[in-house]
Amino acid sequence: TTTGGRTSGGEKMTGTNPARSVDLKRQAAFGGVIPAGSSRDERLAPFTLPVRFTASDMAADQRIRQVELSRERVVLRRAVRGIKMAVNVQVAAYLGVAIRMEPPTSDRNGAVTITLEHRDPGLSLQLYRADDGADIGAEWQSWACVLGLPLLIVELDGRLREPFARIGIVRI
């Protein structure tokens, strides 16, 4: 059932398909409280794009930003000092999908993350975070495949590099 453009489950309706059934836009909360009984991994599913989620943004009001991610573009929405803004970036403008090791800190365990990397670090997005690296290779390759971007590794000094040599677009 629908009420005011939303289903009874609270999902936003985005249109209809030819069979007259309602298409729903997937939405996911990211970085929030993890419900009891759920996995401790923070993950977005690459094969369910487009997706909307909330991410941490230390420069924004309330320290959050809203993100819309599709195969073609990323839209970042936030407010800074009460001024609302939206930044629309083509996925092709990103450098690649990177895997990174995060050392433990006083308030967080060490982790392995996958990020969508941009030249401007403020436009980079965390796509996956896990305490162990059990599924990291599959997640990393899935994101790169879905977004059509190269695989990257973040070195200890922060530099990005490709894990495999290439000649043009062909991996060696």
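What comes next is a walk through the structure.

Rules used throughout
- Residues numbered from 1 in each chain as written.
- Predicted model: local features only at pLDDT ≥ 70, side-chain atom pairs only at ≥ 80, totals over all residues.
- Heavy atoms only, no water.
- Helix = DSSP H or I, 4+ residues; strand = E, 2+ residues; numbered from the N terminus.
- Contact = heavy atoms within 4.5 Å.
- Core = buried A, V, L, I, M, F, W, Y, C linked by side-chain atoms within 4.5 Å.
- Buried < 20%, exposed > 50% of the residue type's maximum accessible area, 1.4 Å probe, protein only.
- Expected span 1.5 Å × (residues − 1).
- Salt bridge = Lys/Arg side-chain N within 4 Å of Asp/Glu carboxyl O.

**Side note on the environment of E102**
One can find E102 in strand β11 (residues 96-102). With 11 residues separating them in the primary sequence, E102 and T113 have C-alpha atoms 7.3 Å apart. The residues contacting E102, other than those within four sequence positions of it, are G110, A111, T113, Q126 and R129.

**Details of the nonpolar core**
By size, the foremost hydrophobic cluster in this structure holds 30 residues, and its most contacted members are L69, V74, V97, I114, L116, W143 and L147. Residue assignment for this core shows that the elements contributing at least two residues are β7 (51-56), β8 (64-69), β9 (73-80), β11, β12 (111-117), β13 (125-130) and α1 (136-147). Broken down by element, this core gets its largest block of residues, 6 residues, from α1. Excluding anything up to four places from it in sequence, V97 contacts I114, T115, L116, W140, W143, A144, L147, L149, P150, L151 and L152.

**Quick notes on the side chain of S142**
Considering the arrangement of structural elements, one finds S142 in helix α1. In contact with S142, not counting residues within four places along its chain, are P46 and F47.

**Observations concerning α1**
Along its 12 residues, α1 runs 17 Å from first to last C-alpha, staying within 8% of the 16 Å computed at 1.5 Å per residue. Listing the buried residues of α1 in full gives I136, E139, W140, S142, W143, A144, V146 and L147. If you follow the buried residues of α1, they end up packed against β6 (42-43), β8, β11, β12, β13 and β14 (151-154). Of the residues flanking the end of α1, it is G148, one or two places downstream, whose phi is positive at about 70 degrees.

**Brief notes about the pattern of salt bridges**
In total, this model carries 8 salt bridges according to the counting rule given. Where R52 meets E68, a salt bridge forms, and the shortest distance between an N and an O atom there is 3.9 Å. On the criterion of sequence distance, the pair formed by R52 in strand β7 and E68 in strand β8 is long-range, its members being 16 residues apart. Here E68 falls in the buried class, since its relative accessible area comes to 15%. Among the salt bridges present, the one from D157 reaches R159, with a minimum N-O distance of 2.7 Å. Three or more residues are tied together by salt bridges with common partners; here these are R52, E68 and R77.

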